[in-house]
Amino acid sequence: AGAAACNVVACKLRSVCIRLLCRGEAEVEDAVPQLALAAEQLHFSDGRIDTTSPPGRRECMTLLSCIDWAARALRTPVAPRAYRQEFTVNYRALFPDINSRHYRVDIFEAALQWSGTRWVNGERFDLSQDALHAAERLQCAWSALCAALAAWGAAGKQH
């Protein structure tokens, strides 16, 4: 199932790249280079994106903002987020608008470093299979986005 999910993500990203190449709109022309730059400026520690140091966290926040900006510029549809209605009061406070994108460094970090079990304030949480699959899809999407940005950067250097 993981490979199939990655293939779906890769197909969607190819579609976005085709739209990107076909558009000459100013907002897209600004958003995508900023996204590529933000991805290049990420800090890494032990092969993982650094989200714990102040500079690493700041660069990751910049990247997530650029992802949102590029998605809006490309008119990428917002995925359904009705599941947020089931969140606890504390988590709903983190995502006040259940219908919009709202990217958070801590959620991004947790999904990329997924192990199936999370520890929060010393308490163990085993999350659902749905959460595990969502994390796997994010990991695939992240890999595909990095590959797409690398291809975009390489194409830009050839011109």
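Note that this is a predicted model, so its numbers are computed, not measured. (Residues numbered from 1 in each chain as written. Predicted model: local features only at pLDDT ≥ 70, side-chain atom pairs only at ≥ 80, totals over all residues. Heavy atoms only, no water.)

## Notes on the pattern of salt bridges
Two side chains bearing opposite charge may form a pair once their charged atoms approach each other closely.
Thinking step 1. A full pass over the atoms with the stated rule returns three salt bridges.
Thinking step 2. For Arg-104, the salt bridge goes to Asp-106, with nearest N and O atoms at 3.0 Å.
Thinking step 3. Note on Asp-106: relative accessible area 28%, which makes it partly exposed.
Thinking step 4. Residue Asp-126 pairs with Arg-124 through a salt bridge whose shortest N-O separation is 3.1 Å.
Thinking step 5. Given a relative accessible area of 48%, Arg-124 falls into the partly exposed group. (Salt bridge = Lys/Arg side-chain N within 4 Å of Asp/Glu carboxyl O. Buried < 20%, exposed > 50% of the residue type's maximum accessible area, 1.4 Å probe, protein only.)

## Some remarks on the layout of surface pockets
Thinking step 1. A volume near 200 Å³ is recorded for the second largest pocket.
Thinking step 2. Around the second largest pocket, the lining comprises 13 residues; the ones closest to its centre are Ala-36, Ala-39, Glu-40, Leu-149 and Ala-150.
Thinking step 3. Sorting the residues of the lining of the second largest pocket by element identifies helix H2 (26-40) and helix H6 (129-158) as the ones contributing at least two each. (1 Å grid on protein atoms, 1.4 Å probe; cavity = no way out; pocket = protein on both sides within 12 Å on 5 of 7 lines; lining within 4 Å. Points joined across faces, edges and corners; volume = space filled by probe spheres on them. Helix = DSSP H or I, 4+ residues; strand = E, 2+ residues; numbered from the N terminus.)

## Digging into the packing of aromatic side chains
Thinking step 1. Evaluation of the coordinates by the stated rule reveals four aromatic pairs.
Thinking step 2. Between Phe-108 and Trp-142 the ring centres are 5.3 Å apart and the planes differ by 80 degrees, which places this aromatic pair in the edge-to-face class. A residue pair is termed long-range when its members are at least 10 positions apart, and Phe-108 in helix H5 (residues 105-112) and Trp-142 in helix H6 qualify at 34 residues.
Thinking step 3. For Trp-142, a relative accessible area of 14% gives the class buried. (Phe/Tyr/Trp six-rings, centres within 6.5 Å; stacked < 30°, edge-to-face > 60°.)

## Quick word on the environment of Ala-38
Thinking step 1. Within the secondary structure layout, Ala-38 lies in helix H2.
Thinking step 2. Assessed through its relative accessible area of 3%, Ala-38 is described here as buried.
Thinking step 3. Sequence separation of Ala-38 and Cys-66 is 28 residues, and the distance between their C-alpha atoms is 7.2 Å.
Thinking step 4. Excluding residues that lie within four positions of it along the chain, Ala-38 makes contacts with Thr-62, Leu-63 and Cys-66. (Contact = heavy atoms within 4.5 Å.)

## Here we look at helix H3 (residues 54-73)
Thinking step 1. Here H3 spans 28 Å end to end across 20 residues, near enough to the 28 Å set by a 1.5 Å rise per residue.
Thinking step 2. For H3, the complete set of buried residues consists of Gly-56, Glu-59, Cys-60, Leu-63, Leu-64, Cys-66, Ile-67, Ala-70, Ala-71 and Ala-73.
Thinking step 3. Of the residues flanking the start of H3, the one acting as N-cap is Ser-53, its side-chain oxygen 3.1 Å from the backbone nitrogen of Gly-56.
Thinking step 4. Just past H3, the residue Arg-75 takes up positive phi, approximately 55 degrees. (Expected span 1.5 Å × (residues − 1). Polar contact = N/O pair within 3.5 Å; in protein donor to acceptor, adjacent residues only side chain to side chain.)

## Looking at the pairing of strand S3 (residues 117-120)
Thinking step 1. As defined by bridge partners, S3 adjoins strand S4 (residues 123-126) across four bridges and the pair is classed as antiparallel. Its bridge partner lying in S4, Arg-118 is registered against Phe-125.
Thinking step 2. Following S3, the chain reverses through two residues before pairing antiparallel with S4; Asn-121 in that reversal takes a positive phi of roughly 50 degrees. (Pairing = 2+ DSSP bridges.)

## With respect to unusual backbone geometry
Thinking step 1. Not every positive phi belongs to a glycine, and Asp-46 is a case in point at roughly 55 degrees.
Thinking step 2. Phi at Arg-75 takes a positive value of approximately 55 degrees, unusual for a residue other than glycine.

## Focus on the confidence of the model for the protein
Thinking step 1. Scored by pLDDT, the protein has a mean of 80; 79% of the residues are at 70 or more.
Thinking step 2. Per-element confidence in the protein is highest for H3, whose mean pLDDT is 92, and lowest for helix H1 (residues 2-22), whose mean pLDDT is 58. (pLDDT = per-residue confidence, 0-100.)

## Points about the packing of H3 against H5
Thinking step 1. Remark: H3 packs on H5, axes separated minimally by 10 Å, with the N-to-C direction vectors making an angle of 95 degrees. By the angle between their directions, the pair H3 and H5 is classed as roughly perpendicular. On H5, the residues touching Arg-57, Cys-60, Met-61 and Leu-64 of H3 are Val-105, Asp-106 and Phe-108.
Thinking step 2. Its residues placed into classes, the contact of H3 with H5 shows five nonpolar, no polar and two charged. (Axes fitted to C-alpha atoms, helices over the stretch in contact; angles between N-to-C directions. Parallel < 35°, antiparallel > 145°, perpendicular 65-115°, else oblique. Nonpolar A, V, L, I, M, F, W, Y, C, P; charged D, E, K, R; others polar.)

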